[in-house]
Amino acid sequence: MTTAQTQELDVQPTPLALLLLGREADPRSERGVECPGDLPSPSDPDLVARARAAKEKLGDKVFVLGHHYQRDEVIQFADVTGDSFKLARDAAARPEAEYIVFCGVHFMAESADILTSDDQKVVLPDLAAGCSMADMATAEQVAECWDVLTEAGIAEQVVPVSYMNSSADIKAFTGKHGGTICTSSNAERALNWAFEQGDKVLFLPDQHLGRNTAVRDLGMSLEDCVLYNPHKPNGGLTAEQLRDAKMILWRGHCSVHGRFSLESVEDVRARIPGVNVLVHPECRHEVVAAADYVGSTEYIIKALEAAPAGSKWAIGTELNLVRRLANRFAPEGKEIVFLDKTVCFCSTMNRIDLPHLVWTLESLAEGTLVNRIEVDQETEAFAKLALERMLALP
């Protein structure tokens, strides 16, 4: 993105934003592995033509998925776009595709592998494309948490609910312990279901989505929620606090949505009279409480589609998507700005750039399978159980 493009959205580049190009490692990423082989140069003027040629050669053998937060240079080659769960289901609906190229992050590719057939091969163009939120809950930490809940005498009352933005291991833990997965669109339904099964919920790994759904949608109080910190003994909580809580929130968050602040909301309202503030539920509770509208990525897109011409919007979600929506709806007279005044990309998502996609497609076209994401059978079985419970939600 150029400086001119960022200024159009009323944002300014920061040193942290240099990670968005994906040329540097992010130590917080879920995986820290470089792709083998030589990548094409980002300055290669033939990259677009090479990607088209390789994709055409593969034909129906390849199905390219593009997450909403991907950069435009990659999105142009996606057969479908969407959020992580929609894309995984789209992949499962294309059994004739031998290769599923997932332009997203690691946990998304895992979900696609879980939902697709054994004959299909899921590929992630850069293995270092991870998710800082998903990485905030490891299988070992969650197992230790369950031991703490057991010692407090409440484990039998607790139903785990894990956000889609979690590793296959965490999804498997959830399935094994009678829980379900949720998305930002159906979190309320998932929690209602969970409270029909037990008295308490362990919500993994995003504290903000769990808190916002419990308080904003289910009418709980902030006092009903406690925060479990896996880096502290017993999660930093007493047995009494655990017994009194209804929502046990994991101390995890999205590094993009967590950057938005109440000051961001107040500032944009002062600068743009009549602006509508629309944010993702992964944002902090005070940001969600101050916003006019709150919803998933798909909700944000649909809200802007239905918005009247001339309306003004400040959007609190990943910048690639906000920029794309601003360009899309500008001809309709809709003013769309980024909620924060500094660049806020998903740095690990942005590791998947055009050189990585070209390298992946050309390798597959030559018969070389690269960067396959494969979940082991036991993990897949329990993770799929949790996903199936989500699909069966009323």
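My aim in this report is to walk through the structure given alongside it, one point at a time. What you see is a predicted model, and the numbers here were worked out from it, not measured in a lab. (Residues numbered from 1 in each chain as written. Predicted model: local features only at pLDDT ≥ 70, side-chain atom pairs only at ≥ 80, totals over all residues. Heavy atoms only, no water.)

1. Some points on the overall build of the chain
For step 1, the next point in the chain: Helix and strand content of the chain: 16 helices and 14 strands.
For step 2, the next point in the chain: Computed over C-alpha atoms, the radius of gyration of the chain comes to 21 Å, within 12% of the 21 Å expected from 2.2 N^0.38 for 394 residues, which places it in the range of a compact globule.
For step 3, the next point in the chain: Seen along its three principal axes, the alpha-carbon backbone of the chain occupies a region of about 65 × 55 × 40 Å.
For step 4, the next point in the chain: Across the chain, the fraction of contacts at a sequence separation of at least 24, relative to all contacts at a separation of at least 6, is 70%.
For step 5, the next point in the chain: Within the structure as shown, the chain displays about 16000 Å² of accessible surface, and the carbon and sulfur contribution to it stands at 48%.
For step 6, the next point in the chain: Side chains of the chain give 38 positive and 59 negative charges; the mean places of these two sets differ by 3 Å. (Helix = DSSP H or I, 4+ residues; strand = E, 2+ residues; numbered from the N terminus. Rg over C-alpha atoms; globule rule 2.2 N^0.38 Å. Contact = heavy atoms within 4.5 Å. Areas by Shrake-Rupley, 256 points an atom, 1.4 Å probe, with all protein chains shown as cover. Lys, Arg positive; Asp, Glu negative; His and termini not counted. Charge placed at Lys NZ, Arg CZ, Asp CG, Glu CD.)

2. Observations concerning the pattern of salt bridges
For step 1, the next point in the chain: Counted by the stated rule, this structure contains 17 salt bridges.
For step 2, the next point in the chain: Note that Lys86 and Asp90 form a salt bridge whose closest N and O atoms lie 3.0 Å from each other. Taken as a pair, Lys86 and Asp90 lie in helix H4 (residues 84-92) at a separation of 4 residues, close to a single helical turn.
For step 3, the next point in the chain: A residue is classified by how much of its surface remains accessible, and Asp90, at 22% relative accessible area, is partly exposed.
For step 4, the next point in the chain: Asp292 serves as the salt-bridge partner of Arg269, at 3.1 Å between the closest nitrogen and oxygen. On the criterion of sequence distance, the pair formed by Arg269 in helix H11 (residues 262-271) and Asp292 in the loop between helix H12 (285-290) and strand S11 (293-294) is long-range, its members being 23 residues apart.
For step 5, the next point in the chain: Residue class for Asp292 comes out partly exposed when judged on its relative accessible area of 36%. (Salt bridge = Lys/Arg side-chain N within 4 Å of Asp/Glu carboxyl O. Buried < 20%, exposed > 50% of the residue type's maximum accessible area, 1.4 Å probe, protein only.)

3. Some points on the side chain of Thr317
For step 1, the next point in the chain: Tracing the chain through its elements places Thr317 in the loop between strand S12 (312-316) and helix H14 (319-329).
For step 2, the next point in the chain: Among the residues examined, Thr317 registers a relative accessible area of 1% and is labelled buried.
For step 3, the next point in the chain: Here the side chain of Thr317 touches Tyr69 through a polar contact of 3.0 Å, side chain to side chain.
For step 4, the next point in the chain: Among the polar contacts made by the side chain of Thr317, one reaches the side chain of His257 at a distance of 2.8 Å.
For step 5, the next point in the chain: Aside from chain neighbours lying at most four places away, what touches Thr317 is Tyr69, His257, Phe260, His280, Ile300, Val322 and Phe338. (Polar contact = N/O pair within 3.5 Å; in protein donor to acceptor, adjacent residues only side chain to side chain.)

4. Thoughts on the sheet that holds strand S14 (residues 372-373)
For step 1, the next point in the chain: One open sheet holds the 5 strands; their spatial order is S2-S1-S3-S4-S14, and the pairing between them is mixed. Edge positions in the sheet fall to strand S2 (80-82) and S14, since each has one partner strand and no second.
For step 2, the next point in the chain: Where strand S3 (residues 99-103) lies against strand S4 (residues 121-123), 3 bridges are found, and the strand directions are parallel. Paired with Tyr99 across the strands is Lys121, a residue of S4. (Pairing = 2+ DSSP bridges.)

5. Focus on the packing of aromatic side chains
For step 1, the next point in the chain: Taken as a whole and assessed by the stated rule, the structure comprises 4 aromatic pairs.
For step 2, the next point in the chain: Judged by centre distance (5.6 Å) and plane angle (80 degrees), the ring pair of Trp146 and Phe173 falls under edge-to-face. One end of the pair, Trp146, is in helix H6 (residues 139-151); the other, Phe173, is in helix H7 (residues 168-176), and 27 residues separate them in sequence.
For step 3, the next point in the chain: Assessed through its relative accessible area of 13%, Trp146 is described here as buried.
For step 4, the next point in the chain: Both rings, one in Tyr293 and one in Trp313, keep their centres 5.6 Å apart while their planes meet at 40 degrees; by these two values the pair is tilted. Highlighted residues: Tyr293 in strand S11 and Trp313 in strand S12, separated in sequence by 20 residues.
For step 5, the next point in the chain: A relative accessible area of 6% means that Trp313 is categorised as buried.
For step 6, the next point in the chain: The residue whose ring lies beneath Lys176 is Phe382, and the NZ or CZ to ring-centre distance is 4.9 Å. (Phe/Tyr/Trp six-rings, centres within 6.5 Å; stacked < 30°, edge-to-face > 60°. Lys NZ or Arg CZ within 6 Å of the ring centre and 35° of its normal.)

6. Quick notes on the side chain of Ser162
For step 1, the next point in the chain: Relative to the elements of secondary structure, Ser162 occurs in strand S5 (residues 158-163).
For step 2, the next point in the chain: For Ser162, a relative accessible area of 0% puts it in the buried group.
For step 3, the next point in the chain: Within the structure, the side chain of Ser162 is placed 2.6 Å from the side chain of Thr174, a separation counted as a polar contact.
For step 4, the next point in the chain: With near-sequence residues (within four places) excluded, Ser162 lies in contact with Ile170, Thr174, Thr180, Ile181, Cys182 and Leu204.

7. Here we look at empty space enclosed by the protein
For step 1, the next point in the chain: In this structure the tally under the stated criterion is 1 cavity of 30 Å³ or more.
For step 2, the next point in the chain: Its boundaries defined by the atoms lining it, the largest cavity holds a volume of some 390 Å³.
For step 3, the next point in the chain: His67, Tyr69, Met108, Asn165 and Glu282 are the residues nearest the centre of the largest cavity, which is lined by 33 residues in total.
For step 4, the next point in the chain: Of all the secondary-structure elements, those providing two or more residues to the lining of the largest cavity are H4, helix H5 (106-115) and helix H13 (297-306). (1 Å grid on protein atoms, 1.4 Å probe; cavity = no way out; pocket = protein on both sides within 12 Å on 5 of 7 lines; lining within 4 Å. Points joined across faces, edges and corners; volume = space filled by probe spheres on them.)

8. Quick notes on a negative patch on the surface
For step 1, the next point in the chain: The grouping of Glu140, Asp169, Asp376 and Glu378 at the surface amounts to a negative patch.
For step 2, the next point in the chain: In this structure, Glu140 sits in helix H6.
For step 3, the next point in the chain: On the basis of relative accessible area, Glu140 is assigned to the exposed category, the value being 59%. (Patch = residues over 30% accessible without salt bridge, like charges linked within 9 Å, V, L, I, M, F, W, Y side chains within 5 Å.)

9. Quick word on the layout of surface pockets
For step 1, the next point in the chain: Each pocket or cavity is described by its volume, and for the largest pocket that value is around 220 Å³.
For step 2, the next point in the chain: Forming the walls of the largest pocket are Asp83, Phe85, Lys86, Arg89, Thr183, Ser185, Asn186, Arg189, Glu298, Met390, Leu391 and Leu393.
For step 3, the next point in the chain: Looking at the lining of the largest pocket, the element that brings in the most residues is H4, giving 3 residues.
For step 4, the next point in the chain: Grouping the constituent residues of the lining of the largest pocket by class yields 4 nonpolar, 3 polar and 5 charged. (Nonpolar A, V, L, I, M, F, W, Y, C, P; charged D, E, K, R; others polar.)

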